[in-house]
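So the chains spell out like this:
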Amino acid sequence: MLMDLCELSPSYVRSIAPYQPGKPISELAREMGLEESGIVKLASNENPRGIGPRTRAAIEGAIGEVARYPDGGGFALKQALSARHAVDAASIVLGNGSNDVLELVALAFLGPGRAAVMSQHAFAVYPLATQARGARSIVVPARDYGHDLEAMARAIDEETYVLWIANPNNPTGTLAAPEALEAFLRRVPERVVVVLDEAYNEYLAPGLRADSVKWLKRHPNLVVTRTFSKAYGLAGLRVGYGLAHASVADVMNRVRQPFNVNSIGLAAAAAALDDMEFVARSYAENLQGLKQLEEGARALGLEFIPSHGNFITLRVGKAAEIFKRLLRRGVIVRPVAGYGLPEHLRVTVGTGQENERFLAALAASVKE
Ligand SMILES: Cc1ncc(COP(=O)(O)O)c(C=O)c1O
């Protein structure tokens, strides 16, 4: 009999539950015999507006160079980020999406005999990245669906080397206030790398945005992560980055694949930073869309978790069943049972029309 080669991988790798991505439009079209053009995907917190004009031009301009390896040091993008955030290029780590940056933190600071603290209902990649390194996850019960920072500080033990915070959090959309975060940072031992994942930062009202990059000076154990996948509309090109003390960035860059960010992504991301008007409109339309979805949920008598992201998580009861009914109506959303929320569905804010389509399909699905 053939050997089960899976058995050869360490037990902590074998016990990883695979990440469940949003269902692609093409897959649903195949499964249900639907036209792709009639399907609405609100499952992966993507930007329904697409990309800005400078970004598009940069992508077109970069095509001619794809036969060459990208700039492994990401010089131009780092220069642009350095100017934007007033940090040294040595403090920047580029990633194949910010997901990659999260993995680099785990790779650089976790391993067997070490632990990472995270919140219940927090972004799924934290337990995955922790477990893949053979480290232990310390999951702290959430408070009102959000991070209980007090309890997280108390949960740090002598084996803890990483602490993950998503702000806003996915899938709950909850936000920790800047003052609370800063007070929290002062309490955390310097040995613990605090990852402040700000993937949805551009969707926050300016008054709610933390001055997290400035905190780097006082807290060398802080890593701030951001992405071009959300408000900048580049989810398919995979570009994210981390900002950290130069010594932390250095160790993360040592474990990074030399060409982890592709050349079109590098060019697009640098240009996207200048598509300010596009990002401002994405922000404004997202607020409108959130309101539309909240009102729609209220009209159906459904509870929701107030969100600070480009998505909202609704309590629909039999979520697995409602998810299937929505699929039959050509609408893809995201079940979040894997996040400990079996009665909820997460819906990405789409265009006004997409939101309307979703709400109509939801109304029909809850009544079915
Ligand atoms: C909280 C959070 N962090 C990080 C990511 C990773 O995004 P990307 O790898 O596309 O930058 C996501 C994606 O959904 C997210 O929700």
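Shown above is the structure to which this text applies.
Residues numbered from 1 in each chain as written. Predicted model: local features only at pLDDT ≥ 70, side-chain atom pairs only at ≥ 80, totals over all residues. Heavy atoms only, no water.

Novice: For this particular structure, what's the right way to read the site of the ligand?
Specialist: Near the ligand you find G97, S98, N99, F123, N170, D197, A199, Y200, T227, S229, K230 and R238, and these make up its full shell. Between the ligand and the protein, one listed contact pairs a nitrogen atom with a side-chain N or O atom of D197 at 2.6 Å. Within the side chain of Y200, an N or O atom sits 2.6 Å from an oxygen atom of the ligand. Considered on its own, the ligand offers 400 Å² of accessible surface; in the complex 94% of this is hidden by protein. Here the residues of the shell around the ligand are counted per class, giving three nonpolar, six polar and three charged. (Near = heavy atom within 4 Å. Polar contact = N/O pair within 3.5 Å; in protein donor to acceptor, adjacent residues only side chain to side chain. Areas by Shrake-Rupley, 256 points an atom, 1.4 Å probe, with all protein chains shown as cover. Nonpolar A, V, L, I, M, F, W, Y, C, P; charged D, E, K, R; others polar.)

Novice: What's the story with the packing of helix α3 (residues 53-62) against helix α11 (residues 263-272) in this structure? I'm lost.
Specialist: Two packed helices can be described by the angle between their axes and the distance between those axes. The contact between α3 and α11 brings their axes to 8 Å, and the two run at 150°. With respect to α11, the axis of α3 lies roughly antiparallel. For α3 against α11, the interelement crossing comes out right-handed. Between α3, through R54, T55, A58, I59 and A62, and α11, the contact on the second element is made entirely by S263, I264, A267, A268, A271 and A272. Residue composition of the contact of α3 with α11, by class: eight nonpolar, two polar and one charged. (Axes fitted to C-alpha atoms, helices over the stretch in contact; angles between N-to-C directions. Helix = DSSP H or I, 4+ residues; strand = E, 2+ residues; numbered from the N terminus. Parallel < 35°, antiparallel > 145°, perpendicular 65-115°, else oblique. Left-handed = near helix turned anticlockwise from the far one by under 90°. Contact = heavy atoms within 4.5 Å.)

Novice: In this structure, what is going on with the environment of S119? I would like to understand it.
Specialist: Among the structural elements, S119 can be located in strand β3 (residues 115-119). Taking the C-alpha atoms as reference, S119 lies 11 Å from N170; in sequence the two are 51 residues apart.

Novice: Explain unusual backbone geometry here, please?
Specialist: P168 follows N167 through a cis peptide bond whose omega is -5°. One non-glycine residue, D144, adopts positive backbone phi at about 50°. Structurally, the position occupied by D144 is in the loop between β4 (136-140) and α7 (149-155). By relative accessible area, which is 69% here, D144 ends up exposed. Positive phi outside glycine occurs at R238, with the angle close to 65°. Among the structural elements, R238 can be located in the loop between β7 (222-227) and β8 (240-244). (Buried < 20%, exposed > 50% of the residue type's maximum accessible area, 1.4 Å probe, protein only.)

Novice: Looking at this structure, how should I read the pattern of salt bridges?
Specialist: One side chain can pair with another of opposite charge once the charged atoms of both are near each other. Going through the model one piece at a time under the given rule, you end up with 22 salt bridges. One salt bridge in this structure joins R49 and E285, with 3.1 Å as the shortest N-O distance. Taken together, the positions of R49 in the loop between β1 (40-41) and α3 and E285 in helix α12 (residues 276-299) put the pair 236 residues apart, joining distant regions of the chain. Residue R136 pairs with D157 through a salt bridge whose shortest N-O separation is 2.8 Å. Of this pair, R136 sits in strand β4 while D157 is found in the loop between α7 and β5 (160-166), placing the two residues 21 residues apart along the sequence. Taking relative accessible area as the criterion, D157 reaches 22% and is therefore assigned partly exposed. Each of E321, R325, R328, R329 and E368 takes part in one network of salt bridges that share partners. (Salt bridge = Lys/Arg side-chain N within 4 Å of Asp/Glu carboxyl O.)

Novice: Is there a simple way to explain the nonpolar core in this structure?
Specialist: Generally speaking, a soluble globular protein has its nonpolar side chains buried in company with each other. Grouped together as the largest cluster of nonpolar side chains are 54 residues, with contacts concentrated most on L77, L163, I165, F184 and F228. Sorting elements by how many residues they give to this core places α11 first, with six residues. Those residues in contact with I165, other than ones at most four positions away along the chain, are Y126, H147, L149, M152, L181, F184, V194, V195, L196 and D197. (Core = buried A, V, L, I, M, F, W, Y, C linked by side-chain atoms within 4.5 Å.)

Novice: Explain the sheet that holds β3 here, please?
Specialist: The strands making up a sheet are joined through hydrogen bonds of the backbone, oriented either antiparallel or parallel. Read from one edge of the open sheet, seven strands run β2-β8-β7-β6-β5-β3-β4, paired in mixed fashion. Each edge of the open sheet is held by one strand with a lone partner, namely β2 (92-95) and β4. Taking the axes of each pair of neighbouring strands and ignoring which way they run, one obtains an average angle of 20° across the sheet. Relative to β8, β7 runs antiparallel, the two sharing five bridges. Counted as the bridge partner of R226 is Y241 from β8. Sitting on the sheet, helix α10 (residues 246-255) is in contact with β2, β7 and β8, with an inclination near 30° to β2. (Pairing = 2+ DSSP bridges.)

Novice: Teacher, can you tell me more about the packing of helix α5 (residues 98-109) against α10 here?
Specialist: The geometry of α5 relative to α10 is characterised by a closest axis approach of 9 Å and an angle of 95° between their N-to-C directions. Comparing the axis directions of α5 and α10 gives the class roughly perpendicular. Along its contact with α5, which presents V101, L104, V105, L107, A108 and F109, the element α10 presents V248, V251, M252 and V255. Broken down by class, the residue content of the contact of α5 with α10 amounts to 10 nonpolar, no polar and no charged.

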